Amino acid sequence: MMYKYLLAAALFAPTFAFAGDCDLEITGNDMMQFDKTELTVPATCEEVSLTVKHSGTTAKQVMGHNWVLAKTADVAGIAEDGLKAGLDANYLKADDTRVIAHTKVIGPTETDTVKFKIKDLAPDSDLSYFCSFPGHSAIMKGKFIIKK
Ligand code: CO
């Protein structure tokens, strides 16, 4: 009887995300690669924090990396427009409304963190992250999954 009650309580307990589950980290290297091809966060995250790191030694002007989140369908357009924007603009068109979140472009030993809310994003959204440095988005990309 007692066991049944506890089991029911466990099953119906409201789910919540541990802060750690909402803190993401990804590293770009000199081979134009991210160390992850997928990032997952619980839908219950109040705020997501993403830190991008650079493990290489090649200068930012040559092998810079940023982290940009968008709908998968928007990735190509954002990357194309970002190319013209230049490094000082983090290879992103000014006020590009297609961009959900992004860090700045970093070089070796640098890191950057972006914090953003996901509550307005449907858990079944087809989202991707990528690096908008010219030529990088074809390889430096992955799925961003909001887990119900
Ligand atoms: Co890159």
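Since the structure is predicted, the reported quantities are computational estimates derived from the model, not experimental observations.

Chemist: So, the nonpolar core: which residues are in play, and what are the values?
Modeler: By size, the foremost hydrophobic cluster in this structure holds 28 residues, and its most contacted members are Leu50, Trp67, Phe116 and Phe144. The set of elements that each furnish at least two residues to this core consists of strand S1 (23-28), strand S2 (38-42), strand S3 (48-54), strand S6 (111-116), strand S7 (127-130) and strand S8 (141-147). Among the elements that make up this core, the one with the highest residue count is S3 (three residues). Beyond its immediate stretch of four places on either side in the chain, phenylalanine 144 contacts Leu24, Leu39, Val41, Trp67, Leu69, Phe116, Leu127, Ser128 and Tyr129. By size, the runner-up hydrophobic cluster in this structure holds eight residues, among which are Val68, Val75, Leu92 and Val99.

Chemist: Can you break down the state of the cysteines residue by residue, with the values?
Modeler: In a disulfide, the sulfur atoms of two cysteines are covalently bonded to one another. Per the counting criterion, the structure on display carries one disulfide. Residue cysteine 22 pairs covalently with cysteine 45 via a disulfide, S to S 2.1 Å. The sign of the -95° torsion about the S-S bond sets the cysteine 22-cysteine 45 disulfide as left-handed. Remark: cysteine 45 occurs in the loop between S2 and S3 and cysteine 22 occurs in the loop between helix H1 (2-12) and S1; sequence separation between them is 23 residues.

Chemist: Run through the coordination of the cobalt ion, naming residues and quoting values.
Modeler: Only Gly64 (O), His65 (ND1), Cys131 (SG), His136 (ND1) and Met140 (SD) from the protein coordinate the cobalt ion, and they sit 2.1 to 2.8 Å from it. Mapping the donors of the cobalt ion onto the primary sequence gives the spacing G-H-x65-C-x4-H-x3-M. On the criterion of sequence distance, the pair formed by histidine 65 in the loop between helix H2 (60-63) and strand S4 (68-71) and methionine 140 in the loop between S7 and S8 is long-range, its members being 75 residues apart. The burial state of histidine 65 is the same as that of methionine 140; both residues are buried.

Chemist: Give me the pairing of S7: which residues, what numbers.
Modeler: A two-sided burial pattern is seen for S7, the buried positions comprising Leu127 and Tyr129 on one face and Ser128 and Phe130 on the other. With four bridges connecting them, S4 and S7 associate as antiparallel partners. Residue pairing in the sheet places alanine 70 in a bridge with serine 128 of S7. Of the pairings in the sheet, the one linking S7 to S8 comprises four bridges and is antiparallel in character. Looking across to S8, one finds that leucine 127 is bridged to phenylalanine 144.

Criteria and thresholds
- Residues numbered from 1 in each chain as written.
- Predicted model: local features only at pLDDT ≥ 70, side-chain atom pairs only at ≥ 80, totals over all residues.
- Heavy atoms only, no water.
- Core = buried A, V, L, I, M, F, W, Y, C linked by side-chain atoms within 4.5 Å.
- Buried < 20%, exposed > 50% of the residue type's maximum accessible area, 1.4 Å probe, protein only.
- Helix = DSSP H or I, 4+ residues; strand = E, 2+ residues; numbered from the N terminus.
- Contact = heavy atoms within 4.5 Å.
- Disulfide = S-S within 2.5 Å.
- Donors = N, O, S within 2.8 Å, 3.2 Å for Na, K, Ca; no water.
- Pairing = 2+ DSSP bridges.

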